Amino acid sequence: MPNVVEPHPDNVERWEGDNGFSRGFGMTNHSYSFDWFDSHLHLAYSHFPNRFRGPQIQEVMDRYFRLTGVYHSARAILMDPYLETMEWARSDPRVHVFWWLTWGQADQLPEIKRRVGEGLIQGLKFHTGDFRRTRGHTHTCMGTKEWHDVYSYCDAMALPVCLHLNQHWGDQRYAYGRGAKEFWASVDYTNHDLLTFFLEDLAARHRQTPWILAHMNFMGNDALANIFDEHPNVYVDTSIGMFLREYDWLTAEEVTPYRDFCLKYADRIMFGTDAFAYHPLPTDYPGHIRNWWLPHQVFITQLGLPQGVLDTITHGTCEAVLGSFLKQGR
Ligand SMILES: [Zn+2]
């Protein structure tokens, strides 16, 4: 069995430094990230459509970062449709906002340009559920001329786009996921058709746009590796895809393929949780952090990655993808 535990770099230094006086002290300290940038966060539950005003957003987000700060998380990208959120976040270097648009909003290009130009948003977010829920609509609505005009602007600006593209086949109860078998049985296109359309009509035609597939696109490592090799502008976030419950563990056989995948493609993988910063309880009870945010950290930490690779996934790739839109001065 391969040794999958990488020591913290400090251990290596202690081994020889000071004539080896502290050699072996703290030798079980593994590599660990002290900077977690959550690339996929929500302010409220999607089925809990409350809109917050600036002071409420401040209160919710301050509390959220206080709770996740225990785990060294201090930055996030919010997927959000509301101007109030964007206006609040403009002056907060911890928070980036990707404007969550629906597929009926292709006419918003002038407003996208305004919001990008004024520092209100740092990317766009789309969810194919928006057309999957609309009777008679198909994935080709992603490829209209109006949308290609939007993507061309993203290309010119290297503006990141997060896309929830595909969908579960079966349920994933371990991570609270509901499958979509009934949906796929009711339409005349497949997950594969949807992916192919995206890769050929969107990713390959707009190569300067960083396309982030949310939830590892519900695909395994080998299939994602093929996409990464073919499409250098495609990334994934780890939400739902790399999820390990507290006190659960990965076997060595499970660690190896994920570890190899992360070693090879760290610069295409962004730590993300799909967590909700707002919790509708008048309490600081951190259950949602432990049941949702933490399993994503636990998974990636258990892979025993070298320090540099771990830091790339926990924040480096996200910073690179944001590029000139990365906020300074946190
Ligand atoms: Zn989400």
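What to know about the domain arrangement of the protein
So, point 1. Segmentation of the protein into domains returns domain 1 (1-30) and domain 2 (35-325).
So, point 2. In this structure, domain 1 and domain 2 have C-alpha centres spaced 35 Å apart.
So, point 3. In this complex, domain 1 contributes eight residues to the contact, which on the side of domain 2 involves eight residues.
So, point 4. Per-class residue counts for the side of domain 1 that touches domain 2 are five nonpolar, two polar and one charged.

What about helix H12 (residues 307-322)?
Helical geometry note: an α-helix holds 3.6 residues per turn, so side chains three or four residues apart project in the same direction.
So, point 1. Under the 1.5 Å per step criterion, the end-to-end length of H12 is 22 Å for 16 residues, consistent within 8% with the ideal 22 Å.
So, point 2. When we look at burial in H12, the residues that qualify are Val309, Leu310, Thr312, Ile313, Thr314, His315, Gly316, Thr317, Cys318, Val321 and Leu322.
So, point 3. At the C-terminal side of H12, Gly323 shows a positive phi close to 55 degrees.

Here we look at the environment of Ala225
So, point 1. Structurally, Ala225 can be placed in helix H9 (residues 221-230).
So, point 2. With 16 C-beta atoms packed within 10 Å, Ala225 lands in the partly exposed category.
So, point 3. As for Ala225 and Glu87, which are separated by 138 residues in sequence, their C-alpha atoms are 38 Å apart.
So, point 4. Those residues within four positions of Ala225 in sequence are excluded, and the remaining contacts are Phe261 and Tyr265.

A few points about the sheet that holds strand S1 (residues 36-42)
So, point 1. With parallel pairing, nine strands are arranged side by side in an open sheet as S8-S7-S6-S5-S4-S3-S2-S1-S9. Two strands close off the open sheet at either side, each with one partner strand: strand S8 (269-270) and strand S9 (275-276).
So, point 2. Inspection of the sheet shows strand S2 (residues 73-80) paired to strand S3 (residues 95-100) by five bridges, in the parallel sense. Bridge pairing links Leu78 to Val97 in S3.

Section: the packing of helix H4 (residues 109-117) against helix H6 (residues 145-157)
So, point 1. Orientation of H4 relative to H6, taken along the N-to-C sense of each, is 20 degrees, at an axis distance of 10 Å. Taken together, H4 and H6 sit at an angle that is classed as roughly parallel. In this structure, the crossing between H4 and H6 has a hand that is right-handed. Residues Leu109, Ile112, Lys113 and Val116 of H4 touch H6, and the partners they reach there are Asp149, Val150, Tyr153 and Met157.
So, point 2. Considered class by class, the residues forming the contact of H4 with H6 number six nonpolar, no polar and two charged.

Observations concerning the environment of Asp35
So, point 1. For Asp35, the location among the structural elements is in the loop between helix H1 (9-20) and S1.
So, point 2. Asp35 gets classed as partly exposed once you count the C-beta atoms within 10 Å, which come to 15.
So, point 3. A C-alpha to C-alpha distance of 6.5 Å links Asp35 and His315, two positions 280 residues apart in sequence.
So, point 4. Contacts of Asp35, omitting those with residues within four sequence positions, involve His72, Asp311, Thr314 and His315.

Thresholds, definitions, all that
Residues numbered from 1 in each chain as written. Predicted model: local features only at pLDDT ≥ 70, side-chain atom pairs only at ≥ 80, totals over all residues. Domains from an automatic or database assignment. Contact = placed C-beta atoms within 7 Å. Nonpolar A, V, L, I, M, F, W, Y, C, P; charged D, E, K, R; others polar. Helix = DSSP H or I, 4+ residues; strand = E, 2+ residues; numbered from the N terminus. Expected span 1.5 Å × (residues − 1). Buried ≥ 20, exposed ≤ 12 C-beta atoms within 10 Å, placed from the backbone. Pairing = 2+ DSSP bridges. Axes fitted to C-alpha atoms, helices over the stretch in contact; angles between N-to-C directions. Parallel < 35°, antiparallel > 145°, perpendicular 65-115°, else oblique. Left-handed = near helix turned anticlockwise from the far one by under 90°.

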